[in-house]
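Working through the structure, step by step
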Amino acid sequence: MQRIDGPYAVSTKPDPSPPASSPGFFSGGDPARGVKATRVTAAWLNRLQEEICNVIEAAEITLDRTDDTQLLQALKVLFGISGGGTGGGTGGTGGQSPSGYLTEFRGFFEKTPPEGWARRYGELLVAADLSYPQLWEALQKPANAWKCKTQAEWNALRQASPFGGVGGAPFFVIDLSARTIRLPDTRGMYIEDAGFDGLEVGGVHGDAIRNITGQHYFGQDMDLRRGTPRTPTGAFAYGATVRETVDNLSWSNSSDNQWCPLLFDASRAVPTASVNRPKAFGILPCVYVGTSA
């Protein structure tokens, strides 16, 4: 499909001319009765052309005058109809992007990606201009520039905090000279609705926890002063008594120089693990890459 490019085509769409009659249907006319055939106007043809082109471009397909299947391709993308091919280089069947947008993120309760999808594991697509031409073209559009990072920026994001990154990269890397596309790697990251806590679409932030507080009260060596110490609060606690020859910021409940070390244990206040995490279950993180060539 391509917009008209024959002789005397104009570069901008003309203003529609006033209607000559009420909207209706085509007529071939009747010369015997002096009834003229319906005249096809440039304004009507422009409207028809744009109706078709708008559907194709909404599916992020570049108009190509040598391809007569682009409207069909666009309808398959926009309505999630499987169009064949292996998609994503990882197998599976079905699962076209229902929104019609290349680069869409979704999670599947499957072991392998559906057709047209690839894992968000940071895979490098080689010869991407030939293997995934739709994705290759889509990532070069100005509207998708924010979805791409340089390889150095991508690597920096993949570093876990506190090494300058956030531990994941929900972005692409497109290398025009090498003809490669680096897919996002979102393992260990959780999706959050944009518009909350200052996070917008495409924004990222590292992990954090709510503040854990407590209070400790200065104690005294009990061989100098007998009494009941004040119990610390929150995440602070006293450990088992150990013998020390110097005063500690704690208390003793026995003889001289017997001290309980001051402990800080977050598990006294919140559940703990080796990483910060909410309650979760596993799904397969995928990105839509289109039908492979």
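Residues numbered from 1 in each chain as written. Predicted model: local features only at pLDDT ≥ 70, side-chain atom pairs only at ≥ 80, totals over all residues. Heavy atoms only, no water.

**A short note on the sheet that holds strand 2 (residues 117-119)**
One open sheet holds the three strands; their spatial order is 1-12-2, and the pairing between them is antiparallel. Only two strands of the sheet have a single partner each, and these edge strands are strand 1 (105-108) and strand 2. Each adjacent strand pair in this sheet contributes to an overall mean axis angle of 40 degrees, direction not counted. In this structure, strand 2 lies alongside strand 12 (residues 284-288), joined through three bridges in antiparallel fashion. Opposite Ala 118, over in strand 12, you have Val 287 as the bridge partner. (Pairing = 2+ DSSP bridges. Helix = DSSP H or I, 4+ residues; strand = E, 2+ residues; numbered from the N terminus. Axes fitted to C-alpha atoms, helices over the stretch in contact; angles between N-to-C directions.)

**Observations concerning the packing of helix 1 (residues 42-58) against helix 2 (residues 70-78)**
With their axes 8 Å apart at the nearest point, helix 1 and helix 2 run at an angle of 50 degrees to one another. Classified by the interaxial angle, the pair formed by helix 1 and helix 2 is oblique. Helix 2 is crossed by helix 1, and the crossing has left-handed handedness. Where helix 1 abuts helix 2, its residues Ile 52, Val 55, Ile 56 and Ala 58 lie against Gln 70, Leu 71, Ala 74, Leu 75 and Leu 78. (Parallel < 35°, antiparallel > 145°, perpendicular 65-115°, else oblique. Left-handed = near helix turned anticlockwise from the far one by under 90°. Contact = heavy atoms within 4.5 Å.)

**Section: unusual backbone geometry**
Here the phi dihedral of Tyr 8 falls at roughly 70 degrees; this positive angle occurs in a residue that is not glycine. Structurally, Tyr 8 is set in the segment before helix 1. The class for Tyr 8 is exposed, based on a relative accessible area of 82%. Of note, the phi angle at Glu 60 is positive, near 60 degrees, even though the residue is not glycine. Positionally, Glu 60 belongs in the loop between helix 1 and helix 2. (Buried < 20%, exposed > 50% of the residue type's maximum accessible area, 1.4 Å probe, protein only.)

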